[in-house]
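Single-letter residue listing:
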Amino acid sequence: IDTLREYEWNPAMYNLGEHLDQLLNNKELPLSKRLEPIAAKLKHIPQYYATGLANLKKPTKEHTELAIQQVKGSLAVFQMIEDSLKKAVSVSPDVAEEIRNGLKECRGEVNHYIKQLETVVLPKAKTEGRSFRLGKELHAQKFAYDIVSDYTAEGIYQEALKHKAYLHGEMLKLTDQLWSKYMGNKPKPEGLKAVKELITKISEKHVKRDEFVSAIKAQIPELTRFVEEKKLLYLDPKKPLVVRETPLYMRGVAGASISSPGPYEKNGNTYYNVTPLDDMTPEQAESYLREYNHYILQILNIHEAIPGHYAQLVYSNQSPSLIKSIFGNGAMIEGWAVYTERMMLEEGYGNHEPEMWLMYYKWNLRATLNTILDYSVHAGNLSETDALRMLMEEGFQEEAEAKGKWRRATLTQVQLCSYFTGFKEIYNLREELKKKGNFNLKNFHETFLSYGSSPVKYIRLLMTKQ
Ligand code: ZN
Ligand code: ZN
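Residues numbered from 1 in each chain as written. Chains lettered and ligands numbered in written order. Predicted model: local features only at pLDDT ≥ 70, side-chain atom pairs only at ≥ 80, totals over all residues. Heavy atoms only, no water.

(A) Examining the nonpolar core more closely. Ranked by internal contacts, the top residues of the largest apolar core, which has 103 residues, are Phe212, Tyr272, Tyr339, Met344, Leu373 and Phe448. A per-element tally of this core places helix α16 (residues 354–378) first, with 14 residues. In this structure, Met344 is in contact with Leu223, Phe226, Val227, Leu232, Ile302, Ile306, Pro307 and Tyr349, ignoring residues within four places of it in sequence. Counting 34 residues, the second-largest nonpolar core is a separate cluster that includes Tyr14, Tyr49, Ile68 and Val91. (Core = buried A, V, L, I, M, F, W, Y, C linked by side-chain atoms within 4.5 Å. Buried < 20%, exposed > 50% of the residue type's maximum accessible area, 1.4 Å probe, protein only. Helix = DSSP H or I, 4+ residues; strand = E, 2+ residues; numbered from the N terminus. Contact = heavy atoms within 4.5 Å.)

Below, the structure written as structure tokens:
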């Protein structure tokens, strides 16, 4: 807090939209019970934004633009609160009046915050603002605290470069093997160009747009069956996974995500939120379906659901430690999901089809390049042009995806390293334990997950001590 000082340069930190939204949409409580804490919170909101404005010393242009967009978006939540008053029959007239007055004052203050950002902060940020790049030293420190790994930021960057070369090597071999099956007599271009062309061709195999959610629903029992048949991990049948269409208030960020019950609602459902493609143009839907084609969609389900995030979070919630449940280690959580993708394929999910492996390598490249990108942007000086070239030519990404990733790399720091770092550490640990003999995969997975969402380096310590 006192070294990074994000509160001085990130105006997007000051946004209560999500907090209010969570209070308003907590379906565990009747509406009147949800409105009471909202009424209490509204009283402090004007002071909150005024303090935010006073805290800003040297904001970046990028975070200021983000703040303007997101804080404007949060005004919709005030409207939702106002609308809900009409439905809350059991709210006392006094509380309702208090909320209405509070909302009026808050809207005024939030609009003032936006106006200040637009007219004072942004012009200043453009000329004398802080760079969005963290710099090598701060990045190294943030990496150490966020990721909590035996790797340094620079060390994992070097590993990611090696892994990228390995993935390209495997993809080139598979392209040689598959080229004529898909391309007939068409001459094969040199190097990675051929890989890209082949991936584009194989991506044509995908579900229809109106079957996207139902296709995911149908895959969950298949994944469960595979995990059980191969004895990979115990899955608690009392904690079912509910596939649902993403609620409207959550849409717009990720196409698929997991909402898991927290430590205070252990018996709540786990939801697999899948956004239907209703709002997309035919072209957008086609591009999205090619990205989440027949093969990648299955890998996505492994990652998000079984045995990825959903399974891990069920185990994590059994941990008696509230600290570990609430402050879970992101690299362990993402690393586990990325690890299970490879583990499932190694165990024969997808029948060792070369197409499945080729697509898996493309998917795994994404996590690998996330690390390279984050490090090169914040500890180095990678330009947008070079970043897009890397993501599209070496990562085989569509332009829209690459541009979105660049934006994310400018607005976040270190988080993009979590996927590959966690994956690498878990994979290393497994291989290390295998060499010791007496290795059982199911036992390894269950023991590994039993420590809760802890940093892999500490799980490793506990699993390797004699
Ligand atoms: Zn198509
Ligand atoms: Zn994930």
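Moving on, there is more to tell.
(B) Representation of the packing of helix α2 (residues 17–24) against helix α3 (residues 31–42). Across the interface, α2 lies against α3 with an axial gap of 8 Å and an inter-helix angle of 155°. Overall, the two elements α2 and α3 adopt an arrangement that is roughly antiparallel. Contact residues: α2 offers His19, Leu20, Leu23 and Leu24, while α3 offers Leu31, Arg34, Leu35, Pro37, Ile38 and Lys41. The residue inventory of the contact of α2 with α3, partitioned by class, reads seven nonpolar, one polar and two charged. (Axes fitted to C-alpha atoms, helices over the stretch in contact; angles between N-to-C directions. Parallel < 35°, antiparallel > 145°, perpendicular 65-115°, else oblique. Nonpolar A, V, L, I, M, F, W, Y, C, P; charged D, E, K, R; others polar.)

(C) Representation of the sheet that holds strand β2 (residues 256–259). With respect to topology, three strands assemble into an open sheet ordered β1-β3-β2, the strand pairing being mixed. Lying at the two open borders of the sheet, with one neighbouring strand each, are β1 (241–245) and β2. Put simply, the sheet's adjacent strands are angled 25° from each other on average, direction ignored. Looking at chain direction, β1 and strand β3 (residues 270–274) are connected through five bridges and run parallel. For Arg244, the partnering residue across the bridge sits in β3 and is Asn273. Its contacts with the sheet put helix α12 (residues 294–304) on β2 and β3, and the angle it makes with β2 is roughly 20°. (Pairing = 2+ DSSP bridges.)

(D) Quick peek at the coordination of the zinc ion (ligand 2). On the protein side, the zinc ion (ligand 2) has His303 (NE2), His309 (NE2), Glu334 (OE) and Glu334 (OE) as donor atoms, found 2.0 to 2.8 Å from it. Considering all four donor atoms around the zinc ion (ligand 2), the spread of angles at the metal, 51 to 152°, places the coordination shape in the irregular class. We note that the donor set of the zinc ion (ligand 2) lies within a single chain, spaced as H-x5-H-x24-E. Remark: Glu334 occurs in helix α15 (residues 330–346) and His309 occurs in helix α13 (residues 309–316); sequence separation between them is 25 residues. Each of the two residues, His309 as well as Glu334, counts as buried. (Donors = N, O, S within 2.8 Å, 3.2 Å for Na, K, Ca; no water. Tetrahedral: all angles 85-135°; square planar, octahedral: opposite > 155°, others 65-115°.)

(E) A look at a nonpolar patch on the surface. A surface patch of nonpolar side chains, about 620 Å² in accessible area, is lined by Tyr264, Leu322, Ile323, Ile326 and Phe327. Relative to the helices and strands, Ile323 is located in helix α14 (residues 322–326). (Patch = residues over 30% accessible without salt bridge, like charges linked within 9 Å, V, L, I, M, F, W, Y side chains within 5 Å. Areas by Shrake-Rupley, 256 points an atom, 1.4 Å probe, with all protein chains shown as cover. Salt bridge = Lys/Arg side-chain N within 4 Å of Asp/Glu carboxyl O.)

(F) Summary view of the pairing of β3. Of all five residues that make up β3, four are buried, and the element is covered over most of its length. Here four bridges tie β2 to β3, and the two strands are oriented antiparallel to one another. Bridge pairing in β3 places Ser259 opposite Tyr271.

(G) Molecular detail of the coordination of the zinc ion (ligand 1). Only His206 (NE2), Glu286 (OE) and Glu286 (OE) from the protein reach the zinc ion (ligand 1) as donors, at distances of 2.1 to 2.6 Å. Of the two residues, His206 is situated in the loop between α9 (191–202) and α10 (212–229) and Glu286 in helix α11 (residues 282–291); the sequence distance between them amounts to 80 residues. Residue Glu286 is classed as partly exposed on the basis of its relative accessible area of 32%.

(H) Structural view of α13. Burial within α13 is extensive, with seven of its eight residues counted as buried. Of all the residues in α13, the buried ones are His309, Tyr310, Ala311, Gln312, Val314, Tyr315 and Ser316.

(I) Looking closely at the packing of aromatic side chains. Under the definition given, this model contains 20 aromatic pairs. Plain terms: the ring middles of Tyr48 and Tyr49 are 5.1 Å apart, the flat faces sit at 85° to each other, and that makes the pair edge-to-face. The exposure class of Tyr48 is partly exposed, given its relative accessible area of 27%. With 5.6 Å between their ring centres and 40° between their planes, Trp357 and Tyr361 make a pair best called tilted. Placement of the pair is Trp357 and Tyr361 together in helix α16, with a separation of four residues, close to one helical turn. When its relative accessible area of 13% is taken as the criterion, Trp357 is described as buried. The class for Tyr361 is buried, based on a relative accessible area of 5%. Grouped by ring-pair contacts, the aromatic residues Trp336, Tyr339, Phe420, Phe423, Tyr427, Phe439, Phe444 and Phe448 constitute a single cluster. The cationic tip of Arg244 hangs over the ring face of Tyr271; the distance from NZ or CZ to the ring centre is 3.9 Å. Looking at Arg430, its charged tip hangs above the ring of Tyr427, at a distance of 4.7 Å from the centre. (Phe/Tyr/Trp six-rings, centres within 6.5 Å; stacked < 30°, edge-to-face > 60°. Lys NZ or Arg CZ within 6 Å of the ring centre and 35° of its normal.)

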